[in-house]
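Each chain, written out:
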Amino acid sequence: MTSLEQYYTEDQVGERLTSMLPDFAPKTCLELSAGEGALIGQVLKKWPNLAVTTCELDSNNVLKLCQRFNGHHVNINALSPQFETHFGMLIENFDLSISNPPYNWIILDDYIKKILASFSILNFFKGNKIRSEIVFILQYLRLTKNNGVLAFILPELLIAGTTFAKFREFLFKVCTPLSLAEIKSGSFKGTEARTYILSLAKTPSPIDHKISYIAANGISSTLTLTDLTNGFRDIFPKLDPSTKFTNIEISRGTLTGKECKTLNFPFYHTSGFNFNKNQGITRIKPLKHAGSKVVYAEKNNVLIARVGSRVLGNAVFVEDGIYAVSDCVFVIRILDRAMAKDFIDYWRIFFSENSGTIAKGTCAKYITKDVVYFALQHFLKQNFNRNKLIQNS
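Description of the structure in this document. (Residues numbered from 1 in each chain as written. Predicted model: local features only at pLDDT ≥ 70, side-chain atom pairs only at ≥ 80, totals over all residues. Heavy atoms only, no water.)

### Here's the deal with the side chain of Asn-77
At step 1: Tracing the backbone through its elements, the reader meets Asn-77 in the loop between strand S3 (72-75) and helix H4 (83-87).
At step 2: The class of Asn-77 is buried, set by a relative accessible area of 7%.
At step 3: Of note is the side chain of Asn-77, whose polar atom sits 2.9 Å from the backbone nitrogen of Leu-79. (Helix = DSSP H or I, 4+ residues; strand = E, 2+ residues; numbered from the N terminus. Buried < 20%, exposed > 50% of the residue type's maximum accessible area, 1.4 Å probe, protein only. Polar contact = N/O pair within 3.5 Å; in protein donor to acceptor, adjacent residues only side chain to side chain.)

See the structure below:
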């Protein structure tokens, strides 16, 4: 049976979602993976006479739904063939669909392939896994009436990740996005996922359509369909392609922490410096591990932890020696020692002020190299003679 990773909706998030729904008069409402009914409860405050239908995998939650709300509550996996027994006759039956779907990778089985094929998007997905959120969205599209309204709580991976740009392009051909709002990090128990509320109307988007977007800090802006399809970024634009750092290099380790331990060589992982008998060595021959070239850090380099819930964004300075570096770490080589130390001070403030926006990922948080480049660019502009350090080609 498919395992679904669920994070229950807090009441304030349900209120926010309900406030983003358009002013219309729905008669029927659907929620798959309804949990204990946090979203349904908020929607019923706005439209008390809604006819509610829910689907939920957890039998205990189904019992709670039956106790709390009148309606039709089904105990079944929405991503299984058994779903058709209860919902196959309800195609395009609902005015309003709401959802905080499970966030997870699941096996791309024959039933899911059949659903993808029905929308002519099976070729979008390679390999044997797919995001459960995508399959939930497709189930909702099947069951929602034309011109009906859908509202989803989705992780950044689905909203802005480049991996799913083709899926977003498909989605915005069959639906018109109405509004998008970022939810503050920590709004869901059990995850620090950066999430968004997306509301849509089930009708094709006009070519010049614009979408209202509200960031977690409350700043409003307008996005185009191209912004949404390509994966918008609200704080870290791409570097100017004509800008190159001549005295600075950023690299990432190639080995896991476990693999580093087998090198019999001092290394740096997110757990810190790990010394052994080779401590203090100053000259080495290039090492390889299972065909991968080992990345090193040495004196005057800056190291930044790119993953790890407790150490994400931590920066340290290499005072002396040479160390292999794990794939959880960025190595920043700045030739000027004083500049390198100043950058650490700048980075710590920069990361502290922007950590909620910098961190990517649904469950495991990480920092991209683009963010480090962005910080370096602004650090150099603010603190040094740019003409000496950056060459414009």
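### Digging into unusual backbone geometry
At step 1: The backbone of Asn-147 sits at a positive phi, close to 75°, despite the residue not being glycine.
At step 2: Positionally, Asn-147 belongs in strand S7 (residues 144-155).
At step 3: With phi around 80°, Asn-300 is a residue other than glycine that occupies positive phi space.
At step 4: Mapped onto the secondary structure, Asn-300 falls in the loop between strand S18 (296-298) and strand S19 (302-305).

### Here's the deal with the environment of Pro-155
At step 1: Within the secondary structure, Pro-155 is located in strand S7.
At step 2: Sequence separation of Pro-155 and Glu-133 is 22 residues, and the distance between their C-alpha atoms is 8.9 Å.

### Focus on the packing of aromatic side chains
At step 1: Under the defined criterion, the tally for this structure stands at 17 aromatic pairs.
At step 2: A ring pair is formed by Trp-347 and Phe-351, whose centres lie 5.8 Å apart and whose planes are at 25°; its orientation type is stacked. Linking Trp-347 with Phe-351, this pair stays in helix H11 (residues 337-358), spanning four residues, or about one helical turn.
At step 3: Given the relative accessible area of 0%, Trp-347 is considered buried.
At step 4: Note on Phe-351: relative accessible area 13%, which makes it buried.
At step 5: Seen from their ring centres, Phe-350 and Phe-374 are 6.4 Å apart, and the 35° between their planes marks the pair as tilted. Separated by 24 residues along the polypeptide, Phe-350 in helix H11 and Phe-374 in helix H12 (residues 369-383) bring together distant segments of the chain. Neither Phe-350 nor Phe-374 differs from the other in exposure class; each is buried. (Phe/Tyr/Trp six-rings, centres within 6.5 Å; stacked < 30°, edge-to-face > 60°.)

### Let's talk about the sheet that holds S3
Strands belonging to one sheet form pairs held by backbone hydrogen bonds; the direction of such a pair is parallel or antiparallel.
At step 1: Strand order in this open sheet of nine strands is S3-S2-S1-S4-S7-S9-S8-S10-S11, and the pairing throughout is mixed. At either end of the open sheet lies a strand with only one pairing partner, and these are S3 and strand S11 (220-224). Here the strands of the sheet are splayed against their neighbours by 15° on average, with no regard to which way each runs.
At step 2: Where strand S2 (residues 51-56) and S3 come together, four bridges link them in parallel fashion. When the bridges of S3 are listed, Cys-55 appears paired with Val-74. (Pairing = 2+ DSSP bridges. Axes fitted to C-alpha atoms, helices over the stretch in contact; angles between N-to-C directions.)

Just distances and angles here, no functional claims.
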